[in-house]
Amino acid sequence: MDTVAAPESVAASSPPLPRRLVGWARRHPDLALILLLLAVGGALRLAFAFRAPPLFVGGDSQTYLVPGYELARGYGFAPILKRPPLYPLFVALSIVLMGEDPHGLAFLQHLLGLGTVVLTYWLGRAAFGSAGLWAGRLAGTLAGLLVALNGPLIVYEQYVMSETLFTFLLTGSALALVLGLQRASWRLYATGGLLLALATLTRAAAELLLPVVPLVALLWHRQFRLTARLSRAMLAGCLVLALPVMLATWVQTGSFGASGLGEALFWRGTRETPMLINRAVGRPTDVADPIETQARRVAYNRVFENELPSDIAVLIQQRYGYSEAEADAILRDVALELFAREPDLYVQTSLGLFGELLTGTEQYLGGQGKSGGVTRFPNAQDKYGDWWNDRVRHLALPATTAEANEFRRAQAVANLFQPFRWAPLLLGLLGVGIVASVAARPWRLALLPILFGLWLLLLTAFLSGALPRY
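Residues numbered from 1 in each chain as written. Predicted model: local features only at pLDDT ≥ 70, side-chain atom pairs only at ≥ 80, totals over all residues. Heavy atoms only, no water.

**Concerning the packing of helix 9 (residues 163–183) against helix 11 (residues 212–221)**
Working step 1: Put simply, helix 9 and helix 11 touch, their axes get as near as 10 Å, and they point 30° apart. Classified by the angle their axes make, helix 9 and helix 11 are roughly parallel. Handedness of the crossing formed by helix 9 with helix 11: right-handed. Between helix 9 and helix 11, the contacting residues are Leu 177, Leu 181 and Gln 182 on the first element and Val 213, Val 216, Ala 217, Trp 220 and His 221 on the second.
Working step 2: Across the contact of helix 9 with helix 11, the residue classes tally to six nonpolar, two polar and no charged. (Axes fitted to C-alpha atoms, helices over the stretch in contact; angles between N-to-C directions. Helix = DSSP H or I, 4+ residues; strand = E, 2+ residues; numbered from the N terminus. Parallel < 35°, antiparallel > 145°, perpendicular 65-115°, else oblique. Left-handed = near helix turned anticlockwise from the far one by under 90°. Contact = heavy atoms within 4.5 Å. Nonpolar A, V, L, I, M, F, W, Y, C, P; charged D, E, K, R; others polar.)

**Digging into helix 20 (residues 407–414)**
Working step 1: For helix 20, the complete set of buried residues consists of Phe 407, Ala 410, Gln 411, Val 413 and Ala 414. One side of helix 20 carries all its buried residues, which in axial view fall inside an arc of 155°.
Working step 2: Residues of helix 20 that are buried make contact with helix 3 (29–49), helix 8 (151–156) and helix 19 (401–405). (Buried < 20%, exposed > 50% of the residue type's maximum accessible area, 1.4 Å probe, protein only. Arc of directions from axis to C-beta.)

**Points about unusual backbone geometry**
Working step 1: The backbone phi angle of Ala 184 is positive, close to 50°, even though this residue is not glycine.
Working step 2: When you line up the elements, Ala 184 lands in the loop between helix 9 and helix 10 (186–200).
Working step 3: Under the relative-accessibility criterion, Ala 184 is labelled partly exposed at 33%.
Working step 4: A positive phi angle, near 55°, is found at Arg 222, a position not held by glycine.
Working step 5: Tracing the sequence through the fold places Arg 222 in the loop between helix 11 and helix 12 (224–253).
Working step 6: For Arg 222, a relative accessible area of 59% translates into the label exposed.

**Thoughts on the side chain of Gln 158**
Working step 1: Tracing the sequence through the fold places Gln 158 in the loop between helix 8 and helix 9.
Working step 2: Taking the relative accessible area as the measure of exposure, Gln 158 reaches 2% and is therefore buried.
Working step 3: The contact partners of Gln 158, leaving out residues within four places of it in the chain, are Phe 48, Ala 49, Ala 52, Pro 53, Pro 54, Leu 55, Ala 106, Gln 109 and His 110.

**Regarding the environment of Gly 129**
Working step 1: Relative to the helices and strands, Gly 129 resides in helix 6 (residues 102–129).
Working step 2: Gly 129 sits in the buried class, given a relative accessible area of 17%.
Working step 3: In sequence terms Gly 129 and Pro 15 are 114 residues apart; their C-alpha atoms lie 33 Å from each other.
Working step 4: Apart from the residues within four sequence positions on either side, Gly 129 is in contact with Gly 124 and Gly 136.

**Things to note about the pattern of salt bridges**
Working step 1: Counted by the stated rule, this structure contains 17 salt bridges.
Working step 2: The residue Arg 297 makes a salt bridge to Asp 286 at a minimum N-O spacing of 2.9 Å. Residue Arg 297 is found in helix 14 (residues 290–303), and its partner Asp 286 is found in the loop between helix 13 (261–270) and helix 14; the two are separated by 11 residues along the sequence.
Working step 3: Overall, the relative accessible area of 31% leaves Arg 297 in the partly exposed class.
Working step 4: Measuring nitrogen to oxygen at the nearest pair gives 2.4 Å for the salt bridge that ties Glu 337 to Arg 296. Of this pair, Glu 337 sits in helix 16 (residues 324–341) while Arg 296 sits in helix 14, and the two are 41 residues apart along the sequence. (Salt bridge = Lys/Arg side-chain N within 4 Å of Asp/Glu carboxyl O.)

Scope: geometric values only; no functional claims are made or implied.
This is the structure in structure tokens:
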């Protein structure tokens, strides 16, 4: 009798499943919160990914897609100078693993987006965890939730653009460096440097963040020698990856690493309001070299024909035999000279653009680049016409009938959380974070991700403007 009754007694004494789950979550709170964030972020990405085609920003997407495709198919690897190599390599990896259909690339980028959600949780937990586990977990959960729900991030995971990979690597670098600060670990500093180098090899702007690390390290450690030693470890980790690429680029092009500063400054001076390169400030001065003088005049005059900076750079290369790096230097020098004639206006408008970047703008589904994508998915081949390289034209897939029918539902997913609509609240939270991190030493670690974001946006406003995807 006892042996028959035993199973019923055990079953009767076992707590119900919900209670067991609550008990498990209490024993493993970090894992439980991460799984919750992944469930939220994964559900939204599933709801979006199967309603949207791959999305393209015409010439920009093509400058990543072409070298990636050529590498995957054995044609060599030659990204243009202003495009660092890592994202084209990621495109090539996607083609090798997932095939030529760009839906495979979008799938991998959605996985990276979920990875960014996890990294964001740990970043918040580490940055505020010194004040207590509850504070760290609360900060990590709120930050992770904002990333998991973020409509523009989900949309950009569908684009053939480098933003998703860059965001993942930059978040990973910030996390490693915050943990390095917390533990005074040179290994973690070096890891942060390695990840920052990978971010730089995705978007060159990441190298601008290097000075932030020793500043925050000095504020946290309050020891100059320790700060110097750990900062050297971070720099060494960065150079291990970045220096070989810089040297290789120098040998091939005469430029240390990817360089598009001239084009970026020309965009800043001609595509933002008010224009900083205009007839009122006059043309650039002549220089000793007559050919360079002509090139500078062409760069200036083409502005008034509404040409894109990239097209102006190509024209200078073709007409005067300059390399990519030399043509970009022409644009850079002209822009800096003309900006210097109205420094007050340059600073004032740049700070205004910085404010725009902080506030954000509406992110239309599929509406990057030329107009389109507000009421329907754009057909990339129709939208950009003969811009497409014949080698990759077949990859610019138009929306299927099913995807076109699902446009409004995909738009609803993207609009569930648009940060610009919550700008006052989010900026208020940012302000609270800044005050708390300055006033309370246990929260001072949060200064690193805060300054990473603010410094990058500020320099972006000064150097290239305020495109929505920035």
